[in-house]
There are 2 protein chains.
Amino acid sequence: MITTSHATNEIRDTGQARPMVELRVVALTFAHGVLFTFVANDSQNVHLPNTYPVEGESLNETAMRLLRANLGFSEQYMEQLYSLSHSGSGNWSILVSYLALVCTEGDLARLDQGEWVSASAVDRLSESDRMVVEYALFRLRTKLGYTTIAFHLMPPLFTLSELQNVFETILGRTLDKRNFRRRMATLGILAGSRQTRRDGSHRPARLYRFLPDHDPTDYLTPPWASVQPGE
Amino acid sequence: MITTSHATNEIRDTGQARPMVELRVVALTFAHGVLFTFVANDSQNVHLPNTYPVEGESLNETAMRLLRANLGFSEQYMEQLYSLSHSGSGNWSILVSYLALVCTEGDLARLDQGEWVSASAVDRLSESDRMVVEYALFRLRTKLGYTTIAFHLMPPLFTLSELQNVFETILGRTLDKRNFRRRMATLGILAGSRQTRRDGSHRPARLYRFLPDHDPTDYLTPPWASVQPGE
DNA sequence: GCAAAAGTGTTATTAGTACACCCATGC
DNA sequence: GCATGGGTGTACTAATAACACTTTTGC
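Residues numbered from 1 in each chain as written. Chains lettered and ligands numbered in written order. Predicted model: local features only at pLDDT ≥ 70, side-chain atom pairs only at ≥ 80, totals over all residues. Heavy atoms only, no water.

**Observations concerning the side chain of Ser97(A)**
Residue and element names in this part refer to chain A.
Line of reasoning, step 1. Within the secondary structure, Ser97 is located in strand 6 (residues 91-101).
Line of reasoning, step 2. A polar side-chain atom of Ser97 sits 2.8 Å from the main-chain carbonyl oxygen of Tyr82.
Line of reasoning, step 3. The residues contacting Ser97, other than those within four sequence positions of it, are Arg24, Glu79, Gln80, Leu81, Tyr82 and Val132. (Helix = DSSP H or I, 4+ residues; strand = E, 2+ residues; numbered from the N terminus. Polar contact = N/O pair within 3.5 Å; in protein donor to acceptor, adjacent residues only side chain to side chain. Contact = heavy atoms within 4.5 Å.)

Printed below as a string of structure tokens:
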């Protein structure tokens, strides 16, 4: 039945049912001081956005399309997380999970396909969905130390305090203001604009943007993540 | 046809053929100053060891079993790399790739299932196999900087020059001997044995082993990589 | 005694950490 | 004038990088 040109060695096709492949996306956004994750809901069920792969399309493209279908826009960071085997409710699937970071600028209005829920309160999700969300948060935390990943959660213009707030929320601890600002400055990826923002009864804050050419040198995503091999 | 309890939103099952899922393992070992990768061969075909997932078994377990079936032993490092969609020779598959590091102590004798070939000369492999090998090497190089991953390529007892040689080969550049040794010492994961090894007409080298309790704090593999969610 | 790899210290630079006060604004 | 968050500098410590000679052995 399975007839690739190079058959498997030792472990052969038993003729048993093959697993489905399912893509799931953990979309994270930052608002009101916490991280939110997007969940879809149909009738009573709350779950991560999911779909199936399509022949002739890379998994990345499919995941992108899935997110666009749920959130309605397409400018976001997307990274494959992990694949795992899952047997639930009689169905055997291989889950391929993705992490997406999106900037909502605090606008968490309920969407047609679902809603944003606090990423630390995901009790309504299935166990497998919760595992994927936990791993997404773990990965985000880990990569924060050696990549510029958190930038994808920021709007085009932001204050340094806002940026620090995002870091502190993800890491779960406070950071020293002066050291944080020095670190950001030495990274050389921020450009101060001439604009400021008044936010209350105190001194206005300078607004910054990210330099367009900050090559993230992505450590985890292979260079060919978005293409399909031709062979 | 596809009937999970929570159906996908927007992108629905079209009833078209579903992809197969295939696991592929890049097993790397260090010998004679270079990295080797294990390739299986049946009749005229040379390819990475591959197999199919099994219901009720985690993908990690399956990959481990696959490697054991090819190499005949089971004590090795294994890490999931990436999943990608691949349409070749009329078959559509989702490839789930793994990186394994094994210690052969220079014994690259041809095995029943295949042979070791230089990891930089993989011309006989298919394009998709070559992509996976390239990414495995990339990941190994990247993780070398912030993990203890290279230890899995070493035999139980080794000299510091041998260890440095492995690092230099993976990184593709030379390292300063004194700085390298200092770094290894401050990591605190090496124990010097009282034994030495004479290797030629020069001073014998002290032999070291890795401390058994060096927790690698794996940055990329989720904690639940080896289990299946119970739903 | 010479070839060949093992082994060892110091200095300069850089990155990280800890820590406290003045500034601009609204009310 | 006071409450609020914005903004800044210095000193200590740890990690990194550059660099050269002595030691032990076989022949």
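**Remarks on the protein's contact with DNA strand D**
Line of reasoning, step 1. Inspection of the region around DNA strand D gives 22 residues, with Lys177(A), Arg181(A), His202(A), Arg206(A) and Ser201(B) positioned closest.
Line of reasoning, step 2. Across the atoms of DNA strand D situated within 4 Å of the protein, the share located in sugar and phosphate is 38%.
Line of reasoning, step 3. Within the contact set of DNA strand D, a phosphate oxygen lies 3.0 Å away from a side-chain nitrogen or oxygen of Ser161(A).
Line of reasoning, step 4. Here Arg182(A) contributes a side-chain N or O atom positioned 3.2 Å from a base oxygen of DNA strand D.
Line of reasoning, step 5. In terms of residue class, the surface near DNA strand D is made up of 3 nonpolar, 7 polar and 12 charged. (Near = heavy atom within 4 Å. Nonpolar A, V, L, I, M, F, W, Y, C, P; charged D, E, K, R; others polar.)

**Here's the deal with the packing of helix 2 (residues 127-144) of chain B against helix 3 (residues 160-171) of chain B**
Residue and element names in this part refer to chain B.
Line of reasoning, step 1. For the pair helix 2 and helix 3, the least separation of the axes is 9 Å and the interaxial angle reads 125 degrees. With respect to helix 3, the element helix 2 is oriented oblique. Helix-helix and strand crossings are classified by hand; for helix 2 and helix 3 the assignment is left-handed. Across from Leu140, Arg141 and Leu144 in helix 2, the residues of helix 3 making contact are Phe167, Ile170 and Leu171.
Line of reasoning, step 2. Class assignment of the residues belonging to the contact of helix 2 with helix 3 gives a composition of 5 nonpolar, no polar and 1 charged. (Axes fitted to C-alpha atoms, helices over the stretch in contact; angles between N-to-C directions. Parallel < 35°, antiparallel > 145°, perpendicular 65-115°, else oblique. Left-handed = near helix turned anticlockwise from the far one by under 90°.)

**Structural notes on the pairing of strand 7 (residues 114-118) of chain B**
On any regular strand, side chains alternate: one points to one face of the sheet, the next to the other face.
All names here are of chain B.
Line of reasoning, step 1. By the criterion of burial, strand 7 is predominantly enclosed, with 4 of the 5 residues buried.
Line of reasoning, step 2. Bridge count between strand 2 (residues 34-42) and strand 7: 5 bridges; the pairing is antiparallel. When the bridges of strand 7 are listed, Thr37 appears paired with Val117. (Buried < 20%, exposed > 50% of the residue type's maximum accessible area, 1.4 Å probe, protein only. Pairing = 2+ DSSP bridges.)

**As for the packing of aromatic side chains**
Line of reasoning, step 1. Taken as a whole and assessed by the stated rule, the structure comprises 13 aromatic pairs over all chains.
Line of reasoning, step 2. Seen in terms of ring centroids, Tyr146(A) and Tyr146(B) are 5.4 Å apart; in terms of plane orientation they differ by 35 degrees. Their pairing is tilted. Highlighted residues: Tyr146(A) in the loop between helix 2 (127-144) and helix 3 (160-171) and Tyr146(B) in the loop between helix 2 and helix 3, drawn from two different chains.
Line of reasoning, step 3. Overall, the relative accessible area of 25% leaves Tyr146(A) in the partly exposed class.
Line of reasoning, step 4. Where Phe167(B) meets Phe180(B), the ring centres are 5.2 Å apart and the plane angle is 70 degrees; that geometry is what we call edge-to-face. Of this pair, Phe167(B) sits in helix 3 while Phe180(B) is found in helix 4 (residues 177-187), placing the two residues 13 residues apart along the sequence. (Phe/Tyr/Trp six-rings, centres within 6.5 Å; stacked < 30°, edge-to-face > 60°.)

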